[in-house]
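Read off the chains here:
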Amino acid sequence: MADECIHGLDAGLCDQCYPKPAPEVDVVVSTSTRTPTRPKLSSRAAPRRTLAPRRLSTTPLDDVGEQRIYHVTHMTNLSGILGSGILSDLSEAWDSRPAVDISSTDARESRRSTLVAGSEGPSVAHYVPFVLSPNASIWQSIRTGVADPRLSADIADTAPSDFVLLVTTVKKIVDTEVDTAVTDGDAAHVLTRFGSNPEAAERMLRRLRADEDSILHAEYLVRDAVPFELVTLIGVANDKARDAVKAILKASPTKPKVAVYPPWFQPVDDGAV
């Protein structure tokens, strides 16, 4: 098997080049010799409604460290990230703010006033936000151009191909021993729950990885900054974007893999992960 597919992703991680096999279904064969009879239904009887099953992930849950996390940013912000890393909103390391700001003013203020550990501790804005799926709800809003109060109006007409996904894993973050937290929804929402210590964060990650719906709204938060050398992959929409990103990376000693993967930049059906 090749080390990577034609899209630049590790072998086995691309759903196009390595489609997932159909799930095996256990078939139960009855040994009874009786011929089952069907109950007679009235011609006016309503058909039985079948409830859709809850979507459960087939991702192995034993090693949450292998969970990929994704930071969405505009391509024009990449040059600044090379030198400073991915900075939180309230990091003291800012020299200049991002050229293109994804967050709306209201969302930014809300995250600055929401505390991660209840009545004490830093606010959400002291953490770098990552999502747990390339089809996360906020990224889906950007891809489809729908109104989302979390997003700046300035990006409403921006093409998804102008963005990049900076990818790393939970293990790479944890190995740096920086403070992290996991949420089961928008970190600034009043009903969102936090896993703000290592044990609680791991438990929440396991629950999220078992639920393909909840994981689309969750966040992985990293305190203050994420060094660029922790980024293992940059996802882009097309060859033009790949060439532009590689030109930017010439100024960096760290050169993560740049993968063209169009499905990450196209609208998807609700519930896709």
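It should be emphasised that the depicted structure is a prediction, and the values quoted were computed from it without experimental measurement.

Draft legend 1. Fine view of the overall build of the chain. Scanning the chain from N- to C-terminus turns up six helices and twelve strands. The buried share of the chain, reckoned over its 273 residues, is 42%. The contacts in the chain between residues at least 6 apart in sequence include a share of 74% that link residues at least 24 apart. Here the chain displays about 16400 Å² of accessible surface, and carbon together with sulfur accounts for 52% of that area.

Draft legend 2. Just the packing of aromatic side chains, in detail. Under the counting rule described, the total for this entry stands at four aromatic pairs. Summarising the aromatic geometry, the rings of Tyr70 and Trp264 are spaced 5.6 Å apart at their centres and angled 85 degrees between planes, so their arrangement reads as edge-to-face. You can see Tyr70 sitting in strand 1 (residues 68–74) and its partner Trp264 sitting in the segment after strand 12 (257–260), a full 194 residues away along the chain. For the pair Tyr261 and Trp264, a centre-to-centre distance of 5.3 Å together with 85 degrees between the ring planes defines the contact as edge-to-face. Each member of the pair Tyr261 and Trp264 is classed as buried. Here the aromatic cluster, defined as three or more aromatic residues joined through ring pairs, consists of Tyr70, Tyr261 and Trp264. It is Arg97 that lies over the ring of Trp94; its NZ or CZ is 4.5 Å from the centre. Its end group placed over the ring of Tyr127, Arg223 keeps NZ or CZ at 5.8 Å from the ring centre.

Draft legend 3. Representation of the environment of Asp148 in the model. Tracing the chain through its elements places Asp148 in the loop between helix 3 (137–144) and strand 6 (163–169). Look at Asp148 and you get buried, because its relative accessible area is 12%. With ten residues separating them along the chain, Asp148 and Ile138 place their C-alpha atoms 7.9 Å apart.

Draft legend 4. The nonpolar core, seen in detail. Membership of the largest hydrophobic core comes to 36 residues, with the highest contact counts inside it found for Tyr220, Ile234 and Val245. The contacts of Tyr220, once residues within four sequence positions are left out, are Ile69, Val128, Pro129, Phe130, Leu132, Val170, Ile173, Val174, Thr180, Ala181, Val182 and Leu205.

Draft legend 5. Main features of the pattern of salt bridges. Under the definition given, this model contains twelve salt bridges. Glu219 is paired through a salt bridge with Arg111; the nearest N and O atoms lie 2.7 Å apart. Here the residue Glu219 occupies a position in strand 9 (residues 219–223), and Arg111 occupies one in helix 2 (residues 105–113), the gap between them amounting to 108 residues.

Draft legend 6. Seen up close, unusual backbone geometry. Despite not being glycine, Glu177 has its phi angle at roughly 60 degrees, a positive value. Within the fold, Glu177 resides in the loop between helix 4 (170–174) and strand 7 (180–183). Residue class for Glu177 comes out exposed when judged on its relative accessible area of 71%. A positive phi angle is found at Asp224, which is not glycine, with a value near 75 degrees. Relative to the assigned elements, Asp224 resides in the loop between strand 9 and strand 10 (225–226). Residue Asp224 is classed as partly exposed on the basis of its relative accessible area, which comes to 36%.

How each quantity is defined
Residues numbered from 1 in each chain as written. Predicted model: local features only at pLDDT ≥ 70, side-chain atom pairs only at ≥ 80, totals over all residues. Heavy atoms only, no water. Helix = DSSP H or I, 4+ residues; strand = E, 2+ residues; numbered from the N terminus. Buried < 20%, exposed > 50% of the residue type's maximum accessible area, 1.4 Å probe, protein only. Contact = heavy atoms within 4.5 Å. Areas by Shrake-Rupley, 256 points an atom, 1.4 Å probe, with all protein chains shown as cover. Phe/Tyr/Trp six-rings, centres within 6.5 Å; stacked < 30°, edge-to-face > 60°. Lys NZ or Arg CZ within 6 Å of the ring centre and 35° of its normal. Core = buried A, V, L, I, M, F, W, Y, C linked by side-chain atoms within 4.5 Å. Salt bridge = Lys/Arg side-chain N within 4 Å of Asp/Glu carboxyl O.

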